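Here is how the chains run, residue by residue.
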Amino acid sequence: MAGQKFQYDESGGTFYYFVLSFLALVLIPTTIYYWPRKKKEDPCKRKEECECADCVKKNVILANAEPYRLLKSVTIKLTIVLGWALLLFLTYRVSQFDYEMASFDPFEILNVPPTSTQAEIKKAYYRLSKILHPDKETGDEKAFMMLSKAYQALTDDVAKENYEKYGNPDGPGAMSFGIALPSWIVEKENSVWVLGLYGLVFMVAMPSAVGVWWYRSIRFSGDKVLLDTTQMYFYFIHKTPHMLLKRALMVLAASLEFDKRHNSQVMERQSDNDEVPALIRQLPNLNEKCKEHPLCRMYSIKTRAILHAHLSRIPLNAETLERDRQFVVKKCPYLVQEMVSCVHQLVMMAYARRVPRLPSIETIENCMKMSPMIIQALWEFKSPLLQLPHLTEDHLYFMNKKRHVKNLQQFAQLKPEESRMLLKNLSDFEYENIMRVLGKMPLIDFSIRCEVIDDENTNVVTAGAIVTVTVTLERKDMKTLFGDTKAPEKQGIKDEPNNEEAEDEEATAAAVPAKKVSAWAKPRKGGKGKGGKKPVNNQKKKVQPKQAAAAAATVAAAAATTTDDQTAANSEAESDAGEHSDVDSVAGSGSEDEDKQNKNNSSLDDDDDEEWERLQAKLNKRERLEGKSRMSHSVHCPFFPEEKQEYWWTYICDRKSRTLLTAPYHVTNLVEKEEIQLKFTAPRWPGVYTFTVCLRSDSYLGMDQQQELKLDVQKAPAPPTDHPQWDLSESEPEHNDQQENLSDYTTDTSDEEDSD
């Protein structure tokens, strides 16, 4: 454009404005977000915490987990203070800049009022010029130039017109653009250095940083687990479909997170050559002579020995193996969750006939059992009362002599004087600490509701329908049971007692895959049971391949159904039900009275309102779940070196066929009450089926529950062939029918017509 001029910032004034704006935009949110604040400790919460020796030791470990926390806090404060000091300095420098024509007022420069005459203006000019003239001792060249411009703007006609029109006696100036960069950047002599700097930053440094970050991140899954570890889990679970607990523990210890070659955080010491063999000699049934890879590698054997010592609560060397124990135990919850996910994916692949072996329900449950075992540092066969502080095997031995207490709920229901009598060997401080910890443990009210929400009659389950089981979890503190002897005991999960047979199956699993009896298989006519419809235990049946494939496909489809699809199906079912009800009311209007019609219409409106409220409640619940939290309640786990929150698994299985029906749902936000929807496809054959809805804790032993789910599967109704809404009016022309048949989607009928 003509008259435009681009100028580089030689004096640095524009650059100060740029730096000041950029620094303010960065410094203000940084100060608000990063300024270190001391957390206010709640004295009441402090009194509720456990004060046993193990918890005190854990608090010390947590305090020392960040050794540079104080230095980091001081560094952040110092950096923010220096940033604000620089911001104030730049503000001061900018305020000192003098812009000549920013506020040009000739009357103010000549120190005369606007109503002055030409003689007064001329007199003031001569008086000030004698003072400001550069040849005088009091002269100021810059001020004299401004004085001359002001006199010219008030006495010269052209200058006066320019001032009144443009605010400048010299007339309109050329448009000037300032660039906040010094001119030496674009000088020819420095062009090579500038281009070299740009190339180094944008072509070498930035691509290298992005590449390093990318190649590090692609090694991990979304849960920060190595992909090689996940592949190893798939291999061993597929190799051993019925995996025992000790076998699962061996696979967990072989995770590549504990290998120095895959994780640089792993510490290998010279003292391990002496301490690890000594520890192995103290541990029975470690199976350190296993020849499978990577179960036989040294890192795997060391990790397995540390986990066995952790579960047996064997003290370790504080400077060496104890640090390794803390490192191993902290990673186990994420790895266990990954194992559970791998088992579930293999189950879905087996239903889709992509893998030949179907993992049993015991495999995924044994993986789940490892999480509370590691969190509480207890074997599965130990008493759940050992999760309480100060209690040992000796205390339980004397307690069982007087009264046999099997779980935490039974102990909480004892009267205060009776529980104190059982623990008379403990001091009052220890007893109060035990009851304080017990009172904060979870008590879950576990209820289920079954419905078919995409059908007109939601209470009738037909063959092949998608069944939705709503699991309601309501958490209370265990202290609500103190002294309540009438409260019913929660039904725990019953595991398979035949361990010897399971071991034999595991030994022969690699050679001969076991055939599972599916609930979807059609029973033989000569089978026992009512009407030949109920499957019989301990009876092997052969399932036709087509039927098994169809059943597997329906189960996989039901497991993959999302909440969005369910919401859409629910809304469609409600609209269909409303349309059917309207048609029925119109068809019977000729034979009913007006009063009865009004009553029916009002009842239909009430039903529609109820269905609409249910739909809105489900949509609101879905919106809440989109921002799913991972905060619930703190777990009392003195042997776990980090803070742990209460999480739960809930799923549906078939104990008779030992198969998993739904994906395990990981509940991570149970604070007071939560509802979870589990979906699966009903069996294809009519009959009465019994399934099991399970709830497992990943933090506490003895908190697992189950509910029996009985389904009376009815025969699926025949598809409708006629409906009043499908009747077309006789007055409609035939060409309209042909136009309606032309749709975006091709049907079987249209294909046949085209072929004719």
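Please refer to the structure placed before this passage.
Everything quoted here is computed from the prediction, not taken from an experiment. (Residues numbered from 1 in each chain as written. Predicted model: local features only at pLDDT ≥ 70, side-chain atom pairs only at ≥ 80, totals over all residues. Heavy atoms only, no water.)

Section: the overall build of the chain
Convention followed: Counting from the N terminus, the helices are DSSP H or I runs at least four residues long and the strands are E runs at least two residues long. Burial classes follow relative accessibility: with a 1.4 Å probe on protein chains only, a residue under 20% of its type's maximum area counts as buried, one over 50% as exposed, and anything between as partly exposed. Working rule for contacts: check all heavy atoms of both residues, and any pair within 4.5 Å makes them a contact. Exposure was quantified through the Shrake-Rupley algorithm and a 1.4 Å probe, taking into account, for residues, occlusion by the shown protein chains and nothing else.
Scanning the chain from terminus to terminus reveals 25 helices and eleven strands. In the chain, which comprises 756 residues, the proportion classed as buried is 38%. In the chain, of all internal contacts separated by at least 6 residues, the share reaching a separation of at least 24 is 72%. Surface exposure of the chain reaches about 46,500 Å², of which carbon and sulfur atoms provide 54%.

Comments concerning the environment of P717
Within the secondary structure, P717 sits in the loop between β11 (705–714) and α24 (734–741). As for P717 and A463, which are separated by 254 residues in sequence, their C-alpha atoms are 9.0 Å apart.

As for the packing of helix α7 (residues 141–155) against helix α8 (residues 157–166)
Just so we agree on the cut-off: To get an axis, a line is fitted to the C-alpha atoms, and for a helix only the part in contact is used. The angle between two axes follows their N-to-C directions and goes from 0 to 180 degrees. Each angle receives one of four descriptions, namely roughly parallel if under 35 degrees, roughly antiparallel if over 145, roughly perpendicular if within 65 to 115, and oblique otherwise.
Here α7 crosses α8 at 95°, and the two axes come no closer than 5 Å. One finds that α7 runs roughly perpendicular with respect to α8. Of α8, the residues touching α7 (which contributes Q152, A153, L154 and T155) are D157, A159, K160 and Y163.

Focus on the packing of aromatic side chains
Put simply, the test is: A pair of Phe, Tyr and Trp rings is counted when the ring centres sit within 6.5 Å of each other, with Trp represented by its six-membered ring. The angle between the planes then sorts it: under 30 degrees is stacked, over 60 is edge-to-face, the rest tilted.
With the rule as written, the count across this model stands at ten aromatic pairs. The interplanar angle of 50° and the centroid separation of 5.8 Å between the aromatic rings of Y125 and Y126 together place this pair among those described as tilted. Judged by relative accessible area, Y126 falls into the partly exposed class, the value being 43%. Three or more aromatic residues joined by ring pairs make a cluster, and in this case those are Y125, Y126 and Y151.

A word on the nonpolar core
Under the convention used in this document: The definition of a nonpolar core used throughout is a set of buried Ala, Val, Leu, Ile, Met, Phe, Trp, Tyr and Cys residues joined through side-chain atoms within 4.5 Å.
Grouped together as the largest cluster of nonpolar side chains are 115 residues, with contacts concentrated most on L252, L388 and F411. The dominant element in this core, judged by the number of residues it contributes, is helix α14 (residues 321–351), at 15 residues. F104, L110, A124 and Y125 belong to the second largest nonpolar core, which has 15 residues in total.

Considerations on the packing of helix α13 (residues 298–311) against α14
Condition: Classification used: nonpolar for Ala, Val, Leu, Ile, Met, Phe, Trp, Tyr, Cys and Pro, charged for Asp, Glu, Lys and Arg, polar for all others including Gly.
Close contact between α13 and α14 brings their axes to 10 Å; oriented N to C, the two are set at 90°. As the angle between them shows, α13 and α14 are arranged roughly perpendicular. Contact residues: α13 offers K302, T303, I306, L307 and H310, while α14 offers L321, D324, R325, V328, V329 and C332. By residue class, the composition of the contact of α13 with α14 is six nonpolar, two polar and three charged.

Overview of helix α9 (residues 191–217)
Which entries qualify depends on this criterion: In a helix, the anticipated span is given by 1.5 Å times the number of residues less one. One axis is fitted to the seven residues ending at the residue and one to the seven starting there. The bend at that residue is the angle between these axes.
Between its first and last C-alpha, α9 extends 38 Å over 27 residues, near the 39 Å set by a 1.5 Å rise per residue. L200 marks where α9 bends most, by close to 30°. When we look at burial in α9, the residues that qualify are V194, G199 and G211.

Overview of the sheet that holds strand β3 (residues 442–451)
This is how it is decided: Strands were regarded as paired on the criterion that DSSP finds at least two bridges between them.
Taken together, three strands build an open sheet; the order of strands is β3-β5-β9 and the sheet is antiparallel. Two strands bound the open sheet, and with one partner strand each, they are β3 and β9 (673–681). Adjacent strand axes in the sheet meet at a mean angle of 20°, parallel and antiparallel pairs treated alike. Pairing geometry for β3 and strand β5 (residues 466–477), over ten bridges, is antiparallel.

Regarding the pattern of salt bridges
Where we set the bar: The working definition used for a salt bridge is a side-chain nitrogen of Lys or Arg within 4 Å of a carboxyl oxygen of Asp or Glu.
If you walk through the whole model with that rule in mind, you get 23 salt bridges. A salt bridge links R269 to D324; the shortest N-O distance between them is 2.7 Å. Taken together, the positions of R269 in the loop between α11 (245–253) and α12 (272–282) and D324 in helix α14 put the pair 55 residues apart, joining distant regions of the chain. Classification of D324 as buried rests on a relative accessible area of 7%.

Bear in mind that shape data such as this cannot, by itself, settle questions of function.
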